[in-house]
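Examination of the molecular architecture
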Amino acid sequence: MNHNTLVIEIKSTLDKLIAARTSLGYDYIVYGLLLINEDQTRVSNITKALYIDIAAHYETSWSCVEKNIRNTVNAIWTAENTTILEMIFNRTYMDRKPTNKEFFEYLYDFIFLPQETAPTQSEENVSCILCPVCNNKCQVLESMLSFVTKRLQPEPDCTHI
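The following paragraphs examine the structure supplied in this document. (Residues numbered from 1 in each chain as written. Predicted model: local features only at pLDDT ≥ 70, side-chain atom pairs only at ≥ 80, totals over all residues. Heavy atoms only, no water.)

Before going further, it helps to examine the packing of helix H3 (residues 46–58) against helix H4 (residues 62–78). Viewed as axis vectors pointing N to C, H3 and H4 meet at an angle of 95°, and their least axial separation amounts to 8 Å. Here H3 lies roughly perpendicular to H4, going by the angle between them. For the pair formed by H3 and H4, the contact residues are Thr 47, Tyr 51, Ile 52, Ile 54 and Ala 55 on the first element and Trp 62, Val 65, Glu 66 and Ile 69 on the second. Looking at side-chain class alone, the contact of H3 with H4 contains 7 nonpolar, 1 polar and 1 charged residues. (Axes fitted to C-alpha atoms, helices over the stretch in contact; angles between N-to-C directions. Helix = DSSP H or I, 4+ residues; strand = E, 2+ residues; numbered from the N terminus. Parallel < 35°, antiparallel > 145°, perpendicular 65-115°, else oblique. Contact = heavy atoms within 4.5 Å. Nonpolar A, V, L, I, M, F, W, Y, C, P; charged D, E, K, R; others polar.)

Dropping the structure here:
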């Protein structure tokens, strides 16, 4: 995926989370996710690597980067967008707001991992149901379809058909 496509995907996801594009934290999160995509170890060293790299790019301090990201995460977490929050962060199981590090980890997994785990051409026979909200492969809907399909199939020895 090229740089522009990644930026569009990240911004689209943040828009679904109702993040304000006017906040500095929004831009810092976009740039931070691009940096994490280049080097995934940055998320493990968020204060010593990620914040410093973002701060250098935007010519500010790492503490301003941390504060603005935290404010954006707070705004996202308190907005009325529970469906997407549940999808990305399992909000029903995680009632507390994620830390900035957790926020980056969950968002990175949501945006970037579906492309890495997409089925190959050798797996053509595997069914794939896309989620209507995020347009990614949805295991919950696939499980439901599998369950319903099995229930609708007649038993092998059934003679009344």
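Let us now look at the pattern of salt bridges. If you walk through the whole model with that rule in mind, you get 5 salt bridges. The network of salt bridges with common partners includes Glu 38, Arg 42 and Asp 53. (Salt bridge = Lys/Arg side-chain N within 4 Å of Asp/Glu carboxyl O.)

With respect to the element layout, Thr 13 can be found in helix H1 (residues 3–16). Looking at Thr 13, the relative accessible area reads 1%, which means it is buried. The contact partners of Thr 13, leaving out residues within four places of it in the chain, are Ile 88, Leu 107, Phe 110 and Ile 111. (Buried < 20%, exposed > 50% of the residue type's maximum accessible area, 1.4 Å probe, protein only.)

This paragraph deals with helix H2 (residues 24–38). Spanning 15 residues, H2 covers 21 Å between terminal C-alpha atoms, matching the ideal 21 Å at 1.5 Å per step. Taken as a whole, H2 has its buried residues at Gly 25, Tyr 26, Tyr 28, Ile 29, Val 30, Gly 32, Leu 33, Leu 34, Leu 35 and Ile 36. (Expected span 1.5 Å × (residues − 1).)

Before going further, it helps to examine the nonpolar core. Core analysis: the biggest nonpolar cluster contains 36 residues, and Leu 14, Leu 17, Leu 33, Ile 69, Phe 104 and Leu 107 have the highest contact counts within it. Of the residues forming this core, the biggest block, 8 residues, is contributed by H2. Look past the residues within four positions of Ile 69 in its chain and what remains in contact with it is Gly 25, Tyr 28, Ile 29, Tyr 51, Ile 54, Asn 100 and Phe 104. (Core = buried A, V, L, I, M, F, W, Y, C linked by side-chain atoms within 4.5 Å.)

Attention now goes to H1. Count 3.6 residues to each turn of an α-helix, and residues three or four apart come out pointing the same way. With 14 residues, H1 should cover 20 Å at 1.5 Å per step; its first-to-last C-alpha distance of 20 Å lies within 8% of that length. Among all positions in H1, only Leu 6, Val 7, Ile 10, Thr 13 and Leu 14 are buried. Down the axis of H1, the buried set is contained in an arc of 130°. They therefore lie on one face. Residues of H1 that are exposed and point over 90 degrees away from its buried face: Asn 4 and Ile 8. Backbone nitrogen of Asn 4 and a side-chain oxygen of the N-cap are separated by 3.2 Å at the start of H1; the cap is Asn 2. (Arc of directions from axis to C-beta. Polar contact = N/O pair within 3.5 Å; in protein donor to acceptor, adjacent residues only side chain to side chain.)

The next thing to look at is the side chain of Asn 68. One can find Asn 68 in helix H4. Beyond its immediate stretch of four places on either side in the chain, Asn 68 contacts Leu 24, Gly 25 and Tyr 28.

We now examine the packing of H2 against H3. At a minimum axis separation of 10 Å, H2 and H3 run at an interaxial angle of 120°. Between H2 and H3, the angle falls in the class oblique. Between H2 and H3 lies a crossing whose hand is right-handed. In this structure, H2 uses Asp 27, Tyr 28, Tyr 31, Gly 32, Leu 35 and Ile 36 to contact H3, whose residues at the interface are Leu 50, Asp 53, Ile 54, His 57 and Tyr 58. Classifying every residue of the contact of H2 with H3 gives 7 nonpolar, 2 polar and 2 charged. (Left-handed = near helix turned anticlockwise from the far one by under 90°.)

In short, the description is geometric, and any link to function would need to be established separately.
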